[in-house]
Amino acid sequence: MTSAPSADAPATSARPDPAPYARPGGFPVVGVVGGGQLARMMQPAAVALGLRLRVLAEGPDVSAAQVITPAPVGAAGDLDALRAFAAECDAVTFDHEHVPSEGLRAMAELTSVQPGADALLHAQDKIAMRERLTALGVPCPRWVRVSGRADVEAFAADAGWPVVLKTPRGGYDGKGVLVLDGPGDAGWATADAWFADWSGRGPLLAEEHVPFTRELAALVARSPSGQAAAWPVVETVQRGGVCHEVTAPAPDLDPDVAAQLTDVALRVAGGLGVTGVLAVEVFEVERGGRREVLVNELAMRPHNSGHWTIDGSVTGQFEQHLRAVLDLPLGETAARAPWTVMVNVLGPAEIDERHADLYRSYLHVMAHDPGVKVHLYGKEQRPGRKLGHVTVYGDDLDTVRARARHAAAFIAGEIDE
C-alpha cells in the first residue's frame, strides 16, 4: 500500500491513494467486477485473509451485493463506472469474463487487473482460445471457423456428423452451443439466425462432436510472479448444459491421465499468462485402447467445478484466487478427506408453495445431516437456475455421494423427505 503524499508534495496523475478504502493496518482492497455468486463466495475468504472486498454490481439486490459493501451499481461495459471502481481498489478481478477489453485496459491504467486483458481474451472468445491452445500443442477437438451452412457441411464431410456449432462470445452454461446432426436437422433455423446475427462481426466456431466417456476438470491457480498450485482432478456431471455434480478426486482416473491433465492446465496457465484461478474443462476419451483428454472450455476465475474446495480442501478456490490476485504465497491444495462430492441446487421446473421457501428446506437439511455444508446464493428461484450447492466429504464415496444428492434434491424440491 502506498502511503499518502505530504501536503507539499507535487501534484501527480497517479490513481487516488487507496488508504481511505483500506482496512486498518494497510491491508489491500480487492474489487470484483460482477455481483453473482462467485463474488459472494469470495467474501468469507477475504475476511479470513484480512482483506476488504468491494463489488461492482449489476443491481442493488444481486447475490454479492447482499453480503458485500460497498457495492456500487455499474455495468461491465460502462467505462466511467469501471474507472471509478478501479480507482478505489488495489487490485481488480472478476465474477465473470464479460468485461470488454477496452474496459479491462482502462482499469489497468489505474490499478492492478488480474487476470489481464491479454489473458482474459482466451476465456471470452472461443476462436481465440482454440487458436492459442492449438499453437501451444494442447489437445483439443478438431475445429474450424465457419461463416455459413456450406462451411459447416464441408467440415462435417471430414469430421463427420454431428457437428457442434458455437458462438465465439457470450455463451455459458450450454447457451450459444448447438449440436447439428446432419443437413436435415431442425436446428439449422437457429444456426442460420446465428450466422445472420454474427455477419460482419466474424465467423462462428464449428467443432467435432466428441464421444467422450466422461467430463473432467482441472483447477489450478497462478500468481503474477509465476507461482502455481493445482487441486486434484475432478469428475463433473452436467444437467441441461449446467454443471450439476462434482466428485473429487475423479473416481478410477488413471494416474497418468490425471498427471497429463494437470500438466496441460499448468501449461495453459503459463502459456496464456493467466493469473488467479483457471478451470480447464475437458472430455476424457478412449482412443486406441488409451484414455486421453481433449480441452473443451476455459474459465479464468473461480469455477463451479471448484466449489468443492471451499469445504473439502485445505485452501479453497476463492481464498486461492485472492491470494493469486494479490501475488501472495499460494495455499496448500490437499483434500481434507478421501472423497468430496458437491451437488448444485438447481431451480425446480415448478416451484410449489412448500419449496418456495428455501430457508425452511435449508434448516431441514441441516438438522437431518449436520455434516452437510449448504451454500445458498440469495437468488430468486427460476427453473434450472443455480440457487446454491451442497458439499459432503468423507471416507466412503457411495455414502458421501448419496448424502450430497439427497440434500440438494430436498432443497430443490425434488423429494419430500
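As a reminder, the structure under discussion sits directly above these lines.
Since the structure is predicted, the reported quantities are computational estimates derived from the model, not experimental observations.

Student: If you had to explain the pairing of strand β12 (residues 242-248) to someone new, which residues and values would you point to?
Tutor: Across the seven residues of β12, seven count as buried, placing the element largely inside the fold. In the sheet, strand β11 (residues 234-239) pairs with β12 via five bridges, with the strands oriented antiparallel. Considered in β12, the bridge of V237 is made with E245. Bridging between β12 and strand β15 (residues 339-346) involves four bridges; their strand directions are antiparallel. Each residue of the ladder has a partner; that of T247, found in β15, is V341.

Student: Requested: an account of the packing of helix α2 (residues 79-86) against helix α3 (residues 101-108), with residues and values cited.
Tutor: Where α2 meets α3, the closest approach of the two axes is 9 Å, and the angle between their N-to-C directions is 30°. Classified by the angle between their axes, α2 and α3 sit roughly parallel to one another. In this structure, α2 meets α3 at a crossing whose hand is right-handed. The residues of α3 that touch α2, namely those facing L79, L82, R83 and A86, are E102, G103, A106 and M107. Looking at the contact of α2 with α3, its residues break down into five nonpolar, one polar and two charged.

Student: So what about the pairing of strand β2 (residues 52-56)? Which residues, and what values?
Tutor: Most of β2 is tucked away: four of the five residues are buried. Pairing of strand β1 (residues 29-33) with β2 involves five bridges; the strand directions are parallel. Each residue of the ladder has a partner; that of V29, found in β2, is R52. Note on the crossover from β1 through helix α1 (residues 37-49) to β2: the handedness is right-handed.

Student: Give a detailed account of the environment of Q227, specifying residues and quantitative values.
Tutor: Relative to the helices and strands, Q227 is located in the loop between β9 (214-222) and β10 (228-230). When the C-alpha atoms of Q227 and P168 are compared, they prove to be 30 Å apart, with 59 residues separating the residues in sequence. Apart from the residues lying within four places of it in its own chain, the contact partners of Q227 are A221, R222, L328, P329 and L330.

What counts and what doesn't
Residues numbered from 1 in each chain as written. Predicted model: local features only at pLDDT ≥ 70, side-chain atom pairs only at ≥ 80, totals over all residues. Heavy atoms only, no water. Buried < 20%, exposed > 50% of the residue type's maximum accessible area, 1.4 Å probe, protein only. Helix = DSSP H or I, 4+ residues; strand = E, 2+ residues; numbered from the N terminus. Pairing = 2+ DSSP bridges. Axes fitted to C-alpha atoms, helices over the stretch in contact; angles between N-to-C directions. Parallel < 35°, antiparallel > 145°, perpendicular 65-115°, else oblique. Left-handed = near helix turned anticlockwise from the far one by under 90°. Contact = heavy atoms within 4.5 Å. Nonpolar A, V, L, I, M, F, W, Y, C, P; charged D, E, K, R; others polar. Right-handed = clockwise from strand over helix to strand, strands pointing away.

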